Amino acid sequence: MARRLIAVLLGAAAARAVTLHGSMGSRSPLCNWYLEERQIPYTMVAPRPSAHPFNQVPFLADDGGVEVFESGAILLYLADKYDAGCGTPEDRAKHAKWVVWANAALDPICFVENDRGQVVGTKLDQPGRAVNVLDELLESSGCLVDGAFSVSDVAVASYLNYVPLFFPSVNLGNTPNVCRYMKRCAERPAFAAAFGDAHSAAVLKAVDRAAQGGDKKLFGIF
């Protein structure tokens with residue numbers, strides 16, 4: 001009996017080899033979202049202590065001494081290891097470009113910082129080629145890669161869906177396809193599991209509010 005119990009406990013520990021250091025107030029929920037979407041067993045632990053060289057979060061540890069920091073790098077690692085759809089260099093390239101774009105290009109559009117690194121506004125509602133192109137791409141497809149929800153959508157939609165919460169007066173009526181996309185993503189059960197039911201509900205209300213300045217036909221067609 002004791003041996004059987006030990007075997008069960010060891011099996012459970014092995015199944016939860018992924019450990020994520022993070023908090024709701026950081027970018028770690030981006031990683032939680034993908035873990036929940038792919039039903040990857042994981043253990044959520046306190047932000048510190050961890051082996052993160054800069055003492056920040058999120059920070060992920062996995063079997064074999066794997067250690068990853070930065071939300072985008074964590075998403076790409078998880079997709080590479082646990083998602084069959086990202087198993088080849090060609091498949092990986094389809095998704096990596098969006099994850100990197102989210103971190104490198106979309107982040108500064110969503111969150112404008114002053115010279116002290118404080119977030120002071122957003123440019124998501126301002127005329128710009130990047131947002132217009134994203135809206136055009138989402139007109140013909142509900143997802144970013146091959147018409148199927150993926151790690152690319154987790155990376156991009158996470159940033160987008162923070163904006164109407166942080167900036168309630170944002171007007172996204174000129175990008176209706178982006179608004180539809182944001183709402184579809186926030187309605188996913190794994191999004192609520194990662195960010196919390198209250199966050200999910202707040203995002204849905206905030207996206208509707210952000211869209212009110214534009215196409216009134218947006219409502220009721222999701």
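Residues numbered from 1 in each chain as written. Predicted model: local features only at pLDDT ≥ 70, side-chain atom pairs only at ≥ 80, totals over all residues. Heavy atoms only, no water.

1. A closer look at the overall build of the protein chain
As a reminder of what qualifies: Strands are runs of DSSP state E lasting at least 2 residues, helices are runs of H or I lasting at least 4, and numbering of each runs from the N terminus. Each residue is placed in one exposure class: buried if its accessible area under a 1.4 Å probe, protein chains only, is under 20% of its type's maximum, exposed if it is over 50%, and partly exposed if it falls in between. Should any heavy atoms of two residues lie within 4.5 Å, those residues are counted as being in contact. In this description, accessible areas are obtained by the Shrake-Rupley approach with a 1.4 Å probe, and a residue is regarded as covered only by the protein chains that are shown.
Looking only at helices and strands, one finds nine helices and six strands in the protein chain. Within the protein chain, the fraction of its 222 residues that count as buried is 43%. Here the analysis covers contacts within the protein chain between residues at least 6 apart in sequence; of these, 65% occur between residues at least 24 apart. Working note: accessible area of the protein chain is about 11400 Å², and carbon and sulfur atoms make up 55% of it.

2. Thoughts on the pattern of salt bridges
Note the threshold: In what follows, salt bridge is the name for a side-chain nitrogen of Lys or Arg lying within 4 Å of a carboxyl oxygen of Asp or Glu.
Scanning the entire structure with this criterion turns up eight salt bridges. We note a salt bridge from aspartate 107 to arginine 27, for which the minimum N-O separation is 2.9 Å. Residue aspartate 107 is located in helix α4 (residues 89-110), and its partner arginine 27 is located in the loop between β1 (18-21) and α2 (28-37); the two are separated by 80 residues in the primary sequence. Taking the relative accessible area as the measure of exposure, aspartate 107 reaches 13% and is therefore buried. Under the relative-accessibility criterion, arginine 27 is labelled partly exposed at 34%. One salt bridge connects aspartate 146 with lysine 94, and the closest N-O pair in it is separated by 3.1 Å. Within this pair, whereas aspartate 146 is found in the loop between α5 (129-140) and α6 (151-166), its partner lysine 94 is found in helix α4, the two being separated by 52 residues in sequence. When its relative accessible area of 62% is taken as the criterion, aspartate 146 is described as exposed. Judged by its relative accessible area of 30%, lysine 94 falls in the partly exposed class. Among the ionic contacts, a cluster of salt bridges with common partners joins Asp91, Lys94 and Asp146.

3. Focus on α5
As a reminder of what qualifies: Helix span, expected: 1.5 Å multiplied by one less than the number of residues in the helix. The directions considered for the arc run from the helix axis to the C-beta atoms.
In this model, α5 (twelve residues) spans 18 Å end to end at C-alpha, consistent with the 16 Å of a helix rising 1.5 Å per residue. Buried residues of α5: Val131, Leu134, Asp135 and Leu138, and no others. Axial view of α5: buried residues confined to an arc of 100°, hence all on one face. Exposed and facing more than 90 degrees away from the buried side of α5 are Arg129, Glu136, Glu139 and Ser140.

4. A few points about the packing of α2 against helix α3 (residues 71-82)
Keep this limit in mind: Geometry is summarised by axes, namely lines fitted to C-alpha atoms with helices restricted to the contacting stretch, and by angles between N-to-C directions that run from 0 to 180 degrees. Convention used here: angles under 35 degrees read as roughly parallel, angles over 145 as roughly antiparallel, angles from 65 to 115 as roughly perpendicular, and any remaining angle as oblique. Working rule for handedness: look at the near helix, and if it is turned counterclockwise from the far one by less than a right angle, call the crossing left-handed; if clockwise, right-handed. Under the scheme applied here, ten amino acids are nonpolar (Ala, Val, Leu, Ile, Met, Phe, Trp, Tyr, Cys and Pro), four are charged (Asp, Glu, Lys and Arg), and all others, including Gly, are polar.
Taken N-terminus to C-terminus, the directions of α2 and α3 make an angle of 15°; their axes are 9 Å apart at the nearest point. With respect to α3, the axis of α2 lies roughly parallel. Considering the relative orientation of α2 and α3, their crossing is right-handed. Two secondary-structure elements touch here, α2 through Leu30, Cys31, Tyr34 and Leu35 and α3 through Ser71, Ile74, Leu75, Leu78 and Ala79. Each residue belonging to the contact of α2 with α3 can be placed in one class, and the counts come to eight nonpolar, one polar and no charged.

5. Observations concerning the confidence of the model for the protein chain
We apply this condition: pLDDT measures how confident the predictor is about each residue, on a scale from 0 to 100.
Summing up the model confidence of the protein chain, the mean pLDDT is 88 and the portion of residues at 70 or higher is 88%. Overall, residues 1-14 carries pLDDT values under 50, and its contacts beyond four positions in sequence, including any with other chains, amount to zero contacts. A low-confidence stretch, residues 214-222 stays under pLDDT 50, and its non-local contacts, those more than four residues away or across chains, total 15 contacts.

6. Some remarks on the pairing of strand β2 (residues 42-45)
The following threshold applies: A pair of strands is treated as paired once DSSP finds two or more bridges between them. Clockwise travel from the first strand over the helix to the second, with the strands pointing away from the viewer, marks a crossover as right-handed.
With four bridges joining them, β1 and β2 adopt parallel strand pairing. Looking at β2, one finds that leucine 20 is bridged to methionine 44. With α2 bridging β1 and its parallel neighbour β2, the resulting β-α-β unit is right-handed.

7. Focus: the environment of asparagine 55
Its location among the elements puts asparagine 55 in the loop between β2 and β3 (59-62). A residue is classified by how much of its surface remains accessible, and asparagine 55, at 40% relative accessible area, is partly exposed. Remark: the alpha-carbon pair of asparagine 55 and phenylalanine 69, spanning 14 residues in sequence, is separated by 9.9 Å.

8. So, the pairing of strand β4 (residues 66-69)
Where β3 lies against β4, four bridges are found, and the strand directions are antiparallel. Paired with alanine 61 across the two strands is glutamate 67, which belongs to β4. Here β3 folds back onto β4 in antiparallel fashion, the turn holding three residues, of which glycine 64 has a positive phi close to 75°.

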